[in-house]
Amino acid sequence: MARDEVDLFVIGGGSGGVRAARIAAGHGARVALAEEYRLGGTCVIRGCVPKKLMVYASRFSDEFEDARRFGWDVGEPRLDWSILKRNRDAEIARLETIYGSLLHTAGVETHHERALIEDAGTVVLPGSGRRIKAGHILIAVGATPTLDPPIDGGELAMTSNGVFDLERRPDRILVIGGGYIAVEFAGVFAGLGSETTLLHRGDKLLRGFDEDLRDGLGEAYPKRGIALALGTTLERIERAGEVLRATLSDGRVLEVDDILVATGRRPHSGGLGLERVGIETDEIGAVPVDVYSRTSVPTISAVGDVTNRANLTPIAIREGHAFADTVFGGKPTAVDHGLIPTGVFSTPEIGTVGMSEVAARARHGDDVVIYKASFRPMKATITGRDERTMMKIVVDGPTDRVLGVHLLGHDAGEIIQLAAVALGMGATKADFDRTVAVHPTSSEELVTLRTPFVTKKSVAVG
Ligand code: FAD
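Residues numbered from 1 in each chain as written. Predicted model: local features only at pLDDT ≥ 70, side-chain atom pairs only at ≥ 80, totals over all residues. Heavy atoms only, no water.

A. View of the site of the ligand. Near the ligand lie 38 residues; those nearest to it are Gly-16, Glu-35, Thr-42, Lys-51 and Asp-305. One of the side-chain nitrogen or oxygen atoms of Lys-51 is found 2.5 Å away from an oxygen atom of the ligand. Measuring from a nitrogen atom of the ligand, one finds a backbone N or O atom of Ala-115 at 3.0 Å. When the ligand is considered free in solution it has 1000 Å² of accessible area, and contact with the protein chains removes 95% of it. (Near = heavy atom within 4 Å. Polar contact = N/O pair within 3.5 Å; in protein donor to acceptor, adjacent residues only side chain to side chain. Areas by Shrake-Rupley, 256 points an atom, 1.4 Å probe, with all protein chains shown as cover.)

And the structure:
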């Protein structure tokens, strides 16, 4: 028998909502959760996980090529998209089931439908017509991709959601955007053999990242056959028989099979009933919250992408967990958004934590010291592949404290996780230097960089 009254109603079964529901139930709360699409949310169903599986798939083309230089006879590799899609979708379905079981085991009642806020203590499920009283409501509805700015023929393009529905590999694809999602998918399609153009209105990819990462990727992508159209916008899309015709601001017309627009995501707060309880969102629809994820209404909190703080899965999970500990565990917990390591699963990959050089100089001025290495990875000495690995450490000279680490190259996402532990502990450059190198690896550069690349005496930062 479904409950008509709960201690906590969670709207949204993604990273933040599921964690909050499980932890609150563990603290003894009666919890219900509604998910209108598929349990697991963006990350599991159409974000991090299926994307990373596609990244793996895309990197085999390099491996096949490189293997020949190591003596392997690999024949002519051929991609069967239907096998890739089937196996990827099966894995996602498996994870979705696990999410359902986790909630069930925790005693959370799950409603597979849309939920709306009726008042500060009531949630309605319009699909089934149910109305549930809740001591506390958690908004964990995430964000959705947007077509921004709107253009003529925009409905002919797909967003990142559509990538996972493609029934065949596009022979030619145009990817729009300069953020991590656009960059990652451009790398994926190029690796899978699509003729790929990446168009971005800015003059460099990955705004907000360290400039050496931006420059490094900007140099690497054309070498991998990805055509970059920077400082350019998309004016119009038209269908011409089987193909799409994209008119660019520089006057060029590209004929492609698919267009992926990855220019932004907006909090999914529209139509949720926030106006009924007096919660005002910001200009993009984000729900304002304090460090404990509380909204302006005492019985309503919000976590994850809908709050637009740091739109990453581990952050949504932490916010959900901290919310449950605060409200139901008697342990007020604020989430620290200060030091967030991230990976960008482009090829070459990026791993980054802490301050970029520009941000560090804005705060510490001429005291910033940079250590940097750019080198050909060992494997490329035999494969002949034209690629570089870049490693950079940003240090505050007077305290010797490491402010940021930025990596471009193989396994950068894996390496940066441990660098983040060191930075979180307040590591100094001397701590890095004291660490014995693991040889032969790329990451040993991080502990063997002795000479400042630029010093406060010679630097000129633009
Ligand atoms: P979501 O996971 O989006 O969950 C919200 C859920 O609420 C959804 O399932 C939605 O269907 C449901 N919902 C919405 N409204 C209602 C309603 N009214 N009633 C019921 N249910 C509702 N992050 C990383 O850390 N690493 C990555 O590599 C990474 N890659 C990404 C790649 C892509 C292509 C995308 C799009 C995102 C990626 N992200 C990545 C971001 C990550 O997916 C999000 O930060 C994370 O999923 C946010 O979790 P959330 O709980 O806030 O929202």
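B. Quick look at the packing of helix α1 (residues 15-26) against helix α9 (residues 313-328). Where α1 meets α9, the axes come as close as 7 Å, and the angle between the chain directions of the two elements is 30°. Between α1 and α9, the angle is such that the two are roughly parallel. Handedness of the α1/α9 crossing: right-handed. The residues of α9 that touch α1, namely those facing Ser-15, Gly-16, Arg-19, Ala-20, Ile-23 and Ala-24, are Thr-313, Ala-316, Ile-317, Gly-320, His-321, Phe-323, Ala-324, Asp-325 and Phe-328. (Axes fitted to C-alpha atoms, helices over the stretch in contact; angles between N-to-C directions. Helix = DSSP H or I, 4+ residues; strand = E, 2+ residues; numbered from the N terminus. Parallel < 35°, antiparallel > 145°, perpendicular 65-115°, else oblique. Left-handed = near helix turned anticlockwise from the far one by under 90°. Contact = heavy atoms within 4.5 Å.)

C. View of the state of the cysteines. In the structure shown here, the tally under the stated rule is 1 disulfide. Note on cysteine connectivity: Cys-43 is disulfide-linked to Cys-48, with sulfurs 2.3 Å apart. Taking the sign of the S-S torsion, -135° for the link of Cys-43 and Cys-48, the bridge is left-handed. Cys-48 gets classed as partly exposed once you look at its relative accessible area, which sits at 30%. (Disulfide = S-S within 2.5 Å. Buried < 20%, exposed > 50% of the residue type's maximum accessible area, 1.4 Å probe, protein only.)

D. Molecular detail of the nonpolar core. Val-183, Leu-198, Leu-217, Tyr-221 and Ile-350 are the most contacted members of the largest nonpolar core, which totals 34 residues. The set of elements that each furnish at least two residues to this core consists of α3 (48-69), α4 (81-106), β8 (172-176), α6 (180-192) and α7 (211-223). Take this core: its biggest share by element is 8 residues, from α6. If we ignore the near neighbours within four places in the chain, the residues touching Leu-198 are Val-175, Gly-177, Ala-182, Val-183, Ala-186, Leu-205, Tyr-221, Ile-226, Ala-227, Leu-228 and Ala-229. In this structure, Ala-115, Leu-274, Ile-279 and Val-287 belong to the second largest nonpolar core, which totals 25 residues. (Core = buried A, V, L, I, M, F, W, Y, C linked by side-chain atoms within 4.5 Å.)

E. Seen up close, α7. Counted at 1.5 Å a residue, the expected span for α7 with its 13 residues is 18 Å, and the 19 Å between its end C-alpha atoms agrees. Buried residues of α7: Asp-212, Leu-213, Arg-214, Gly-216, Leu-217, Ala-220 and Tyr-221, and no others. N-capping of α7 is provided by Asp-210, with a side-chain oxygen placed 2.9 Å from the backbone N of Asp-212. (Expected span 1.5 Å × (residues − 1).)

F. Unusual backbone geometry, seen in detail. Here the residue pair Thr-347 and Pro-348 is connected by a cis peptide bond, since its omega of 5° sits within 30 degrees of zero. The topology assignment puts Pro-348 in the loop between β17 (342-344) and β18 (350-354). The residue after His-439, namely Pro-440, is reached through a cis peptide bond having omega -5°. Secondary-structure assignment places Pro-440 in the loop between α13 (429-434) and α14 (445-448). Phi angles above zero are rare outside glycine, and Asn-308 is one such case at about 50°. Within the element layout of this structure, Asn-308 appears in the loop between β16 (300-302) and α9. For Asn-308, a relative accessible area of 32% translates into the label partly exposed.

G. Broad picture of the sheet that holds strand β13 (residues 253-256). Strand order across the open sheet formed by 3 strands is β11-β12-β13, with antiparallel pairing between neighbours. The sheet is open, and its two edges are formed by β11 (234-240) and β13, each paired on a single side. Ignoring strand direction, the axes of neighbouring strands in this sheet form an average angle of 25°. As paired strands, β11 and strand β12 (residues 243-248) are joined by 6 bridges and run antiparallel to one another. Counted as the bridge partner of Arg-236 is Thr-247 from β12. (Pairing = 2+ DSSP bridges.)

H. Structural context of the domain arrangement of the chain. Taken domain by domain, the chain comprises domain 1 (5-145 + 266-328), domain 2 (154-263) and domain 3 (348-452). Of note, the centres of domain 2 and domain 3, computed from C-alpha atoms alone, are 29 Å apart. In this assembly, 11 residues from domain 2 lie in contact with 14 residues from domain 3. When domain 2 packs against domain 3, close to 1000 Å² is buried across both sides, 66% of that on carbon and sulfur atoms. Summed over the shared surface of domain 2 and domain 3, the number is 4 salt bridges. For Asp-212, the salt bridge goes to Lys-392, with nearest N and O atoms at 2.6 Å. For the interface between domain 2 and domain 3, the tally reads 5 residue pairs in polar contact (both at pLDDT 80 or more). (Domains from an automatic or database assignment. Buried area = accessible area lost by both parts, 1.4 Å probe. Salt bridge = Lys/Arg side-chain N within 4 Å of Asp/Glu carboxyl O.)

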